[in-house]
Amino acid sequence: GESVGLHLPTLSVQEGDNSIINCAYSNSASDYFIWYKQESGKGPQFIIDIRSNMDKRQGQRVTVLLNKTVKHLSLQIAATQPGDSAVYFCAENGGTGKLIFGQGTTLQVKP
Amino acid sequence: DAGITQSPRYKITETGRQVTLMCHQTWSHSYMFWYRQDLGHGLRLIYYSAAADITDKGEVPDGYVVSRSKTENFPLTLESATRSQTSVYFCASREGAGELFFGEGSRLTVL
């Protein structure tokens, strides 16, 4: 069956450093991937997405990389700030409009 | 206000009781979803709906019932609550393959 998983449950970085959060997926037919950020006590919020016909997509301070050969997705956050502290989820398109989420990586930003 | 709202935000109930969590969205999105979030499991899809009067099972549908008589509402009912259904429940909506928007969550405790 499908599974989406992040490599590390917790990532701790120094403020100002770059963060890289990784995710592996199993369904080679997935054509759409999304990263979400969830702050404590809130619902997940969309960060950035990428379609399978792309390898890289950039947003404001964030970049998503997709490696279809090894079924790997990563989220890079430049100049990490305290406000970036949250749980980050990757998700893949599970067909018929639904998204399948990974278990999440907690990003801790040290001042 | 426009958006997606869930109610109640917090609920404590007893084993065996029926509980209904409400979800309302003002965007007229076609798709609506219910996820539950538990430590170690991330977000797991319970049920989803592609349009009014169309619903389908997700990963963990047992013990839950949904309906979608109107596009804007997607209630989730636990017909006989069990302790294992203690969780945070998130409703979400999207239009086609667009961004998935989440509500703020409903925290349910079953004693």
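Residues numbered from 1 in each chain as written. Chains lettered and ligands numbered in written order. Predicted model: local features only at pLDDT ≥ 70, side-chain atom pairs only at ≥ 80, totals over all residues. Heavy atoms only, no water.

Caption draft 1: Geometry of the overall build of chain B. Along the backbone of chain B there are 0 helices and 11 strands. Listing each helix as α and each strand as β along chain B from the N terminus yields β-β-β-β-β-β-β-β-β-β-β. Over its C-alpha atoms, taken along the principal directions, chain B stretches across nearly 35 × 25 × 25 Å. With 111 residues in all, chain B has 46% of them scored as buried. At a minimum sequence separation of 6, the contacts of chain B that also span at least 24 residues come to 53%. For chain B, the computed accessible surface area is about 5400 Å², with 48% contributed by carbon and sulfur atoms. Taken as two groups, the 11 positive and 12 negative side-chain charges of chain B have centres that lie 7 Å from each other. (Helix = DSSP H or I, 4+ residues; strand = E, 2+ residues; numbered from the N terminus. Buried < 20%, exposed > 50% of the residue type's maximum accessible area, 1.4 Å probe, protein only. Contact = heavy atoms within 4.5 Å. Areas by Shrake-Rupley, 256 points an atom, 1.4 Å probe, with all protein chains shown as cover. Lys, Arg positive; Asp, Glu negative; His and termini not counted. Charge placed at Lys NZ, Arg CZ, Asp CG, Glu CD.)

Caption draft 2: Structural context of the overall build of chain A. Tallying secondary structure elements over chain A gives 0 helices and 11 strands in all. Secondary structure elements in chain A, listed N-terminal to C-terminal, are β-β-β-β-β-β-β-β-β-β-β. Rg of the C-alpha trace for chain A: 13 Å, near the compact-globule value of 13 Å for 111 residues, within the 12% margin. Here chain A, with 111 residues, has 44% of them falling under the buried criterion. For chain A, restricting intrachain contacts to residue pairs at least 6 apart in sequence, the fraction spanning at least 24 positions comes to 52%. Just so you have it, chain A exposes about 5300 Å², and 46% of that area is on carbon and sulfur atoms. Of the charged side chains in chain A, 10 are positive and 9 negative, and the gap between their average positions amounts to 1 Å. (Rg over C-alpha atoms; globule rule 2.2 N^0.38 Å.)

Caption draft 3: Local environment of the confidence of the model for chain A. Confidence along chain A averages 89 in pLDDT terms, with 90% of residues attaining 70 or more. Within chain A, the lowest mean pLDDT, 57, falls on strand β1 (residues 4-6) of chain A, and the highest, 97, falls on strand β6 (residues 56-58) of chain A. (pLDDT = per-residue confidence, 0-100.)

Caption draft 4: Seen up close, the interface of chain B and chain A. Taken together, the contact between chain B and chain A spans 20 residues of the former and 19 residues of the latter. Interface area, chain B with chain A, both sides summed: about 1600 Å², of which 53% is carbon and sulfur. Area buried by chain B at its contact with chain A is led by L43, R94 and F102 of chain B, which between them contribute 26% of it. Viewed at the interface, chain A and chain B are joined by 0 salt bridges. One can count 3 residue pairs in polar contact (both at pLDDT 80 or more) joining chain B with chain A. (Buried area = accessible area lost by both parts, 1.4 Å probe. Salt bridge = Lys/Arg side-chain N within 4 Å of Asp/Glu carboxyl O. Polar contact = N/O pair within 3.5 Å; in protein donor to acceptor, adjacent residues only side chain to side chain.)

Caption draft 5: Layout of the nonpolar core. Residue and element names in this part refer to chain A. In this structure, W35, L73, L75, Y88 and L107 are the most contacted members of the largest nonpolar core, which totals 20 residues. Mapped by element, the contributors of at least two residues to this core are β2 (10-14), β3 (19-25), β4 (32-38), β5 (45-51), β7 (62-67), β8 (72-77), β9 (86-93) and β11 (105-110). Apart from residues no more than four positions distant in its own chain, L107 is found in contact with L11, V13, S19, I77, T80, D84, S85, A86 and Y88. (Core = buried A, V, L, I, M, F, W, Y, C linked by side-chain atoms within 4.5 Å.)

Caption draft 6: How the structure looks around the pattern of salt bridges. Tallied over the entire structure, the rule returns 8 salt bridges over all chains. The closest approach of N and O atoms between D84 of chain A and R61 of chain A, which form a salt bridge, is 2.9 Å. In this pair, D84 of chain A sits in the loop between β8 and β9 while R61 of chain A sits in the loop between β6 and β7, placing the two residues 23 residues apart along the sequence. Residue D38 of chain B pairs with R44 of chain B through a salt bridge whose shortest N-O separation is 3.0 Å. We classify D38 of chain B as buried; its relative accessible area is 15%. The structure contains a network of salt bridges with shared partners spanning K37, E39 and K42 of chain A.

Caption draft 7: Spatial organisation of the environment of S85 of chain A. Residue and element names in this part refer to chain A. One can find S85 in the loop between β8 and β9. Here the alpha-carbon distance between S85 and Q14, two residues 71 residues apart in the chain, equals 11 Å. If sequence neighbours within four positions are ignored, S85 has contacts with E39, L107, Q108 and V109. A polar side-chain atom of S85 sits 3.2 Å from the main-chain amide nitrogen of V109.

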